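# Fold and contact review
Take a look at the letters that make up each chain.
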Amino acid sequence: MAPAQRCPLCRQTFFCGRGHVYSRKHQRQLKEALERLLPQVEAARKAIRAAQVERYVPEHERCCWCLCCGCEVREHLSHGNLTVLYGGLLEHLASPEHKKATNKFWWENKAEIQMKEKFLVTPQDYVRLCGSSVSFFKLLQISKNFFK
Ligand SMILES: [Zn+2]
Ligand SMILES: [Zn+2]
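What comes next concerns the included structure. (Residues numbered from 1 in each chain as written. Chains lettered and ligands numbered in written order. Predicted model: local features only at pLDDT ≥ 70, side-chain atom pairs only at ≥ 80, totals over all residues. Heavy atoms only, no water.)

## So, the packing of aromatic side chains
In this description, an aromatic ring pair is defined by two values, namely the gap between the centres and the angle between the planes. The final tally for this structure, using the stated rule, is two aromatic pairs. Geometrically, the ring pair formed by Trp 106 and Phe 119 is tilted, given 5.6 Å between the ring centres and 45 degrees between the ring planes. Taken together, the residues span a long stretch of sequence, with Trp 106 in helix α3 (residues 96-109) and Phe 119 in the loop between α4 (113-116) and α5 (123-146) at a distance of 13 residues. By relative accessible area, which is 3% here, Trp 106 ends up buried. Each residue in the set Phe 105, Trp 106 and Phe 119 is aromatic and connected to the rest through ring pairs, giving one cluster. (Phe/Tyr/Trp six-rings, centres within 6.5 Å; stacked < 30°, edge-to-face > 60°. Helix = DSSP H or I, 4+ residues; strand = E, 2+ residues; numbered from the N terminus. Buried < 20%, exposed > 50% of the residue type's maximum accessible area, 1.4 Å probe, protein only.)

## Some words on the environment of Glu 54
The residue Glu 54 is located in strand β3 (residues 53-55) in this model. Separated by 28 residues in the primary sequence, Glu 54 and Leu 82 have C-alpha atoms spaced 5.7 Å apart. In contact with Glu 54, other than residues within four places in its own chain, are His 60, Asn 81, Leu 82, Thr 83 and Leu 85. (Contact = heavy atoms within 4.5 Å.)

## Observations regarding the pattern of salt bridges
On inspection of all chains with the given rule, the structure shows six salt bridges. Among the salt bridges present, the one from Glu 61 reaches Arg 74, with a minimum N-O distance of 3.4 Å. Note that Glu 61 is positioned in the loop between β3 and β4 (63-66) and Arg 74 in strand β5 (residues 71-74), a separation of 13 residues in sequence. You can call Glu 61 partly exposed: its relative accessible area is 39%. Residue Arg 62 is joined to Glu 75 by a salt bridge in which the shortest nitrogen-to-oxygen separation is 2.9 Å. Of this pair, Arg 62 sits in the loop between β3 and β4 while Glu 75 sits in the loop between β5 and β6 (77-79), placing them 13 residues apart in sequence. The network of salt bridges with common partners includes Glu 59, Arg 62 and Glu 75. (Salt bridge = Lys/Arg side-chain N within 4 Å of Asp/Glu carboxyl O.)

Okay, here's the thing in structure tokens:
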């Protein structure tokens, strides 16, 4: 007999091995969980095009839960008293660990293949974000010195 497995999505223990991922309940839980994460991922994607840098506030410590990796991820990236919005999440989405975990997660849960691309960010995109935030940081530094 297959050993009992606890499914983190259905929050139930199953004795029938991995077969239950095909069940309607599991597929529904999976879809709901992905849809909960999607708005954050999409907001992060938008930030690639126009990096937003804000003055650091404790709220920027916020984390979101990466379903694929099963870990908490910092949403924003703080540097001194500045924060790049969604920098943390983008760094995570672009990491090879996340890509590997996402491929595994999609395979194990039989998730919709078209959805997968939405949860991945290419390292090139992340570099683009870094490029635009670096210029933001520089600009801020210059204006700070200017107004001293
Ligand atoms: Zn399940
Ligand atoms: Zn992840």
